[in-house]
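Chain and residue survey
Given next are the chains, with one letter for each unit.
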Amino acid sequence: MSRMDEVLPGGIGDNNSGDVEQFESGNSGCGLAVVSSSEPSTAAMEKITTTAGVTTVPAATATIASPSGETGSRATAEEATARTRDDYEPCDPLIILNLFQSLSNTTSSLELQMKINLHLQKLTESPCVFLVPILHSSEEGLIQVINDNVLDKEIRFSINSTHLKNASQHNGYPFVIDDLNKDFSEVIEMVVGNKHNTLIYDIKSPRISKLQTQISTSSTSSSASFDGGSAATQHHFNHANGSNNNGSSRSNHSPLQQQIALFVCIAGENECRSRFQFYIEDTFRYVLGHLLTAFDLFEEKRVRYQCQNLLQVARRLLGKIGDLGQLLRGVMTEAKELAAAERCSLFLLDKQTGELVSKVFDGNEASKEIRIASGKGIAGYVAQTGNLLNIRNAYHHPLFYKGVDESTGFKTRNILCFPICDEQGVIGVAQLCNKLNGFHFDKCDEEVATAFSVYCGISIMHALVHKQVQKAEARYKLSQELLLYHMKVPDTEIQHVLEAVNAHEADQFAMDLPRFDFCPREVKNYALSVQLSIKMFYDLNFVTTFQIPEDKLARFILLVQKGYRDTPYHNWWHAFSVAHFAYSLMVNLKLIDNGVITKMQGFSFLIAAFCHDLDHRGTSNTYQTQSSSPLARLYSSEGSVNERHHLSQAICILNDSSSKILDRLSTEQFKECIDFLRDLILATDLANHFRIMPHLKRLQPQNLSEGSNQRLLLSLMITCCDLSDQIKSWKTVQHVAHLVYAEFFAEGDLEKQMGLRPNTMMDRKKACIPVLQIEFLSMVVRPTFEILAQIFTETQPFLDTIDSNRQQWVDIKENGVCSRTSDCCENCYDTCN
């Protein structure tokens, strides 16, 4: 015999203890707890109505005499059972046999549920009957069939207790319901609405304990604790443990362990409760075992289908390893479909910084790169711990940041975040948002995510390796090009250069070399330009300070000279001009002597000026990317394609044993020099210059030593050096313009051959040199030199020269020489000359 308590949907349980009748469960061991209690409080009823949306009307209060003669809410189980069986007539045995026979013909849990539902629906005349199997491994409830209708999408939801009490083990229940949580209530309302009250019955299944040595053959009284430990509940704990009425213990008998196997939900009023209970007990006494076996088989089939599906996913992902971006988008698409999520974001771990980086969100390219610091937020926590995180209510979780939702208008309900690992650890994190057709991500989704992460890790690892192989191939091709294009510098040429330097053959330019108005392009002799370049290192005392062997310095300058291609503008003479202006700034402004920059910074500054356009092909970064050149395949993901190649070539020359002018530096000095060199060469990309322009405008003579201002100053000066042709004489300015546009038009012609539409400045049929030069001087050159002039007043005359040269272009444009015809550029240049 057992007691009768009341289960109220929505998590409300009456504090008064009720009576549960124990029905004979036969060989099946089916235990059925049916509810009967005193009237709940008004507050409790309000909570039922507002929270659950489904209600059970409590039965009238029953006053039953206890075995000790006390008058209360308890009666002997024998009397309650007899009263119940007298009231209701058992099912026709033939009906039960026919039901069991029909059930034995199938192992499909869906068909079994339909037949049982229809059987109970016929007996109870209820408009709605459905079963809720309990999956104890995941503490979830499962709804698949309503009456005889199979749901398009099964519903899984949390059914676990808010707390599992140790005391619950004493009454033989490993699963104790303290309340039916809100998820359960919301599911019931979603399934059957609130037109009818819903009565909920729990069906228990026996489970043999491993420690059990002897099982009692008699019926074992048990109870489910609803109120967390009232006096009545404790009474049944003792009874379940084998205590007799006098308190003596039957130590030779072990209780039959039971757990809730499923819930039966029937629409009906409370007056029908006892009748429904009778038919339910009469039915499940015979069919429970077969039904539970079918549920186990269903779960096994689900796992097998899941594995097959994952293998198909793996095949699709491995087919995309050639393109990392396409693979990442594929990963997110597959993850969303597998877990039925609304959105997905994927982050890869930057092992250098420890940050999570994402360039793709919800399958689309992000407008800018997203970075998440290590350990920050949900994704950061999963990356740091390597543990899956299933958040059923995002807004209640301490790691969730609501700011993104507030800014985007997207509502995040729940999140499933899981790590992606390779053999060495976490390499990324996938984050799924908002379970579709469900209340939250369930245990199945966690299992899928865990298995899926393995395939993701393998695919991403192979994609990264494939990318490294592609980079290696691109580097090999570039190296081959470099070896074929450039020649080694013979020792005799080094000897001639050193002899010329020692003979002071360049003395005719020595006096004028430091002057700002000195024009390097007028030298026009390669050997003489090499000698003047070496003289710059001597004049700035770098040779002595950094102990540079003169033969290595000569070979370094010659290799740099040969490292430039014979393009119209980006050639050795451009590098020589840029290096000269860097030298002039340091000499005339006494940057090192006055402590504005250090000697190491000055040394790196001069090297960067010589090397900043090494192996330039005469085409822009945009063209490199559009043409998918080897340079683009190697550097496009990092940006500044040309500049990164120039840096790579510079380091190659500096690492050559015959031209190692950094050989005498300590390890720390060498790292410092390379760092400055990298920053300075990358700063020559005008895109980077425009990006830091707001910071450059804040530079003042008095704040140059603060924070990163020294690096900003070096970036500003290298850009001024790169633009220094524009502060020379008008003759030099117009000559350089012709060289620049010769390169631009050649690139435009190549783009047209590729079927692309070139930029106006690169289209010889549309470009107007005077107009473009006026815009260039006004928008780029003058603003840059204005910042230099506000820091160093000695450079103020540069602005006057720029204005004068700009006026020359204005005069050409206004005098009608520029006809804006197809021959416009040639006419403008010819008139200038």
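Note that this is a predicted model, so its numbers are computed, not measured. (Residues numbered from 1 in each chain as written. Predicted model: local features only at pLDDT ≥ 70, side-chain atom pairs only at ≥ 80, totals over all residues. Heavy atoms only, no water.)

1. A word on the overall build of the protein chain
Under the convention used in this document: Helix and strand definitions here come from DSSP, where helices need a minimum of 4 consecutive H or I residues and strands a minimum of 2 consecutive E residues; each element is numbered from the N-terminal end. Here, residues are in contact when the closest pair of their heavy atoms is within 4.5 Å. Note on areas: Shrake-Rupley with a 1.4 Å probe; residue coverage comes only from the protein chains shown.
In terms of helices and strands, the protein chain carries 28 helices and 16 strands. Pairs at least 24 apart in sequence give 69% of the contacts found in the protein chain among residues at least 6 apart. With an accessible surface of roughly 38,700 Å², the protein chain has 50% of that area assigned to carbon and sulfur atoms.

2. Considerations on the packing of aromatic side chains
Centre-to-centre distance and the angle between the planes together describe a pair of aromatic rings. To keep things clear, this is the line we draw: Aromatic contacts are taken between Phe, Tyr and Trp rings whose centres are within 6.5 Å, Trp giving its six-membered ring; a plane angle under 30 degrees counts as stacked, one over 60 as edge-to-face, and the others as tilted.
Applying the stated rule across the entire model yields 20 aromatic pairs. Ring geometry for Tyr 741 and Phe 744: centres 5.6 Å apart, planes at 85 degrees, overall edge-to-face. Linking Tyr 741 with Phe 744, this pair stays in helix H25 (residues 730-753), spanning 3 residues, or about one helical turn. Taken together, the ring pairs connect Tyr 526, Phe 537, Phe 542, Phe 546, Trp 572, Trp 573, Phe 576, Phe 603 and Phe 610 into an aromatic cluster.

3. Structural notes on helix H24 (residues 709-722)
Stated formally: Helix span, as expected, comes to 1.5 Å for every residue beyond the first. We call a residue buried when its accessible area falls under 20% of the maximum for its residue type, exposed when it is over 50%, and partly exposed in between, using a 1.4 Å probe and counting protein chains only.
Between its first and last C-alpha atoms H24 spans 20 Å; for 14 residues at 1.5 Å apiece the expected length is 20 Å, and the two agree. With respect to burial, H24 is a largely interior element, 12 of its 14 residues being buried. Listed as buried for H24 are Asn 709, Leu 712, Leu 713, Leu 714, Ser 715, Leu 716, Met 717, Ile 718, Thr 719, Cys 720, Cys 721 and Asp 722. Structurally, H24 contributes buried residues whose contacts are with helix H17 (572-588), helix H18 (599-611), helix H22 (667-682), helix H23 (686-696) and helix H26 (769-791).

4. Some details on the pattern of salt bridges
Our working rule: A pairing counts as a salt bridge when a side-chain nitrogen of Lys or Arg comes within 4 Å of a carboxyl oxygen of Asp or Glu.
Under the criterion given, the structure shown has 17 salt bridges. Between Arg 764 and Asp 749 there is a salt bridge; the shortest N-O distance is 3.0 Å. One end of the pair, Arg 764, is in the loop between H25 and H26; the other, Asp 749, is in helix H25, with 15 residues separating them in the sequence. Relative accessible area serves as the criterion here: at 27%, Arg 764 is assigned to the partly exposed category. Taking the relative accessible area as the measure of exposure, Asp 749 reaches 26% and is therefore partly exposed. For Arg 782, the salt bridge goes to Glu 786, with nearest N and O atoms at 2.3 Å.

5. Overview of the pairing of strand E16 (residues 425-435)
Along any regular strand the residues' side chains alternate between the sheet's two faces. Rules: Whether two strands pair comes down to DSSP finding at least two bridges between them.
Within E16, 10 of the 11 residues are buried, leaving the element largely enclosed by the surrounding structure. The sheet contact formed by strand E11 (residues 341-350) and E16 spans 7 bridges and is antiparallel. The residue of E16 that forms the bridge with Leu 348 is Gly 428. The pairing of strand E15 (residues 415-422) with E16 spans 8 bridges and is classified as antiparallel. Counted as the bridge partner of Phe 418 is Ala 430 from E16. Hairpin connection from E15 to E16: 2 residues lie between these consecutive antiparallel strands.

6. Focus: unusual backbone geometry
One non-glycine residue, Glu 125, lies in the positive phi region at around 55 degrees. Tracing the chain through its elements places Glu 125 in the loop between helix H4 (109-124) and strand E6 (129-135). Taking the relative accessible area as the measure of exposure, Glu 125 reaches 70% and is therefore exposed.

7. A word on the packing of helix H12 (residues 491-502) against helix H16 (residues 550-563)
Here is the rule we go by: Simply put, an axis is a line fit to the C-alpha atoms, just over the touching stretch for a helix, and the angle between two N-to-C directions goes from 0 to 180 degrees. Orientation labels follow simple angle bins: below 35 degrees gives roughly parallel, above 145 gives roughly antiparallel, 65 to 115 gives roughly perpendicular, and whatever is left gives oblique. It is the rotation of the near helix from the far one that decides the hand of a crossing: anticlockwise by less than a right angle makes it left-handed, clockwise makes it right-handed. Under this grouping Gly is polar, as are all residues other than the nonpolar Ala, Val, Leu, Ile, Met, Phe, Trp, Tyr, Cys and Pro and the charged Asp, Glu, Lys and Arg.
Direction vectors running N to C along H12 and H16 enclose 110 degrees, while the axes themselves pass 10 Å from each other. Between H12 and H16, the angle is such that the two are roughly perpendicular. Crossing geometry of H12 relative to H16 is assigned as right-handed. In this structure, H12 uses Asp 491, Glu 493, Ile 494, Val 497 and Leu 498 to contact H16, whose residues at the interface are Glu 550, Asp 551, Ala 554, Arg 555, Leu 558 and Lys 562. Here the residues of the contact of H12 with H16 sort into 5 nonpolar, no polar and 6 charged.

8. Let's talk about the environment of His 570
With respect to the secondary-structure elements, His 570 resides in the loop between H16 and H17. Judged by relative accessible area, His 570 falls into the buried class, the value being 16%. It is 8.7 Å that separates the C-alpha atoms of His 570 and Asp 615, two residues lying 45 residues apart in sequence. Not counting residues within four places of it along the chain, the set of residues in contact with His 570 comprises Tyr 564, Arg 565, Asp 613, His 616 and Glu 743.

9. A look at helix H27 (residues 797-814)
Rules: Here the arc refers to the directions that run from the helix axis out to each C-beta atom.
Over its 18 residues, H27 runs 26 Å from end to end, which matches the ideal 26 Å to within 8%, given 1.5 Å per residue. The complete set of buried residues in H27 reads Phe 798, Leu 799, Ile 802, Asn 805, Trp 809, Val 810 and Ile 812. Buried residues of H27, viewed axially, fall in a sector of 160 degrees; they line one side. Turned more than 90 degrees away from the buried face of H27, the exposed residues are Asp 800 and Glu 814.

10. Some details on the confidence of the model for the protein chain
Operational definition: Note on scores: pLDDT gives the predictor's confidence for each residue, bounded by 0 and 100.
Confidence in the prediction of the protein chain, expressed as mean pLDDT, is 75, and 73% of residues score 70 or more. Under a pLDDT of 50 for its full length, residues 161-180 has, in the predicted model, 51 contacts with residues more than four places off or in other chains. For the stretch residues 819-824, pLDDT sits under 50, and the model shows 11 contacts to residues farther than four places along the chain or on other chains.

11. Some words on the packing of H22 against H24
Following both chains from N to C, one finds H22 and H24 inclined at 50 degrees, their axes separated by 9 Å at the closest point. If you check the angle between H22 and H24, you find them oblique. Classified by chirality, the crossing of H24 by H22 is right-handed. Contacts between H22 and H24 involve Asp 675, Phe 676, Asp 679 and Leu 680 from the former and Arg 711, Leu 714, Ser 715 and Ile 718 from the latter. The residue makeup of the contact of H22 with H24, split by class, is 4 nonpolar, 1 polar and 3 charged.

12. Structural notes on the side chain of Arg 565
Put simply, the test is: A 3.5 Å cut-off defines polar contacts: any pair of N or O atoms within that distance qualifies, except that in protein one atom must be a possible hydrogen donor and the other a possible acceptor, and neighbouring residues in sequence count only when both atoms are side-chain atoms.
Mapped onto the elements, Arg 565 comes out in the loop between H16 and H17. Here the side chain of Arg 565 touches Asp 615 through a polar contact of 2.7 Å, side chain to side chain.

13. Regarding the environment of Ala 294
Inspection of the secondary structure assignment puts Ala 294 in helix H7 (residues 273-318). Ala 294 sits in the buried class, given a relative accessible area of 5%. Residues Ala 294 and Thr 106, spaced 188 residues apart in sequence, show a C-alpha to C-alpha distance of 8.8 Å. When sequence neighbours within four positions are dropped, the list of residues in contact with Ala 294 reads Thr 107, Ser 109 and Leu 112.

14. Remarks on the environment of Lys 443
Secondary-structure assignment places Lys 443 in helix H11 (residues 443-485). As a C-alpha pair, Lys 443 and Phe 157 span 286 residues in sequence and 9.3 Å in three-dimensional space.

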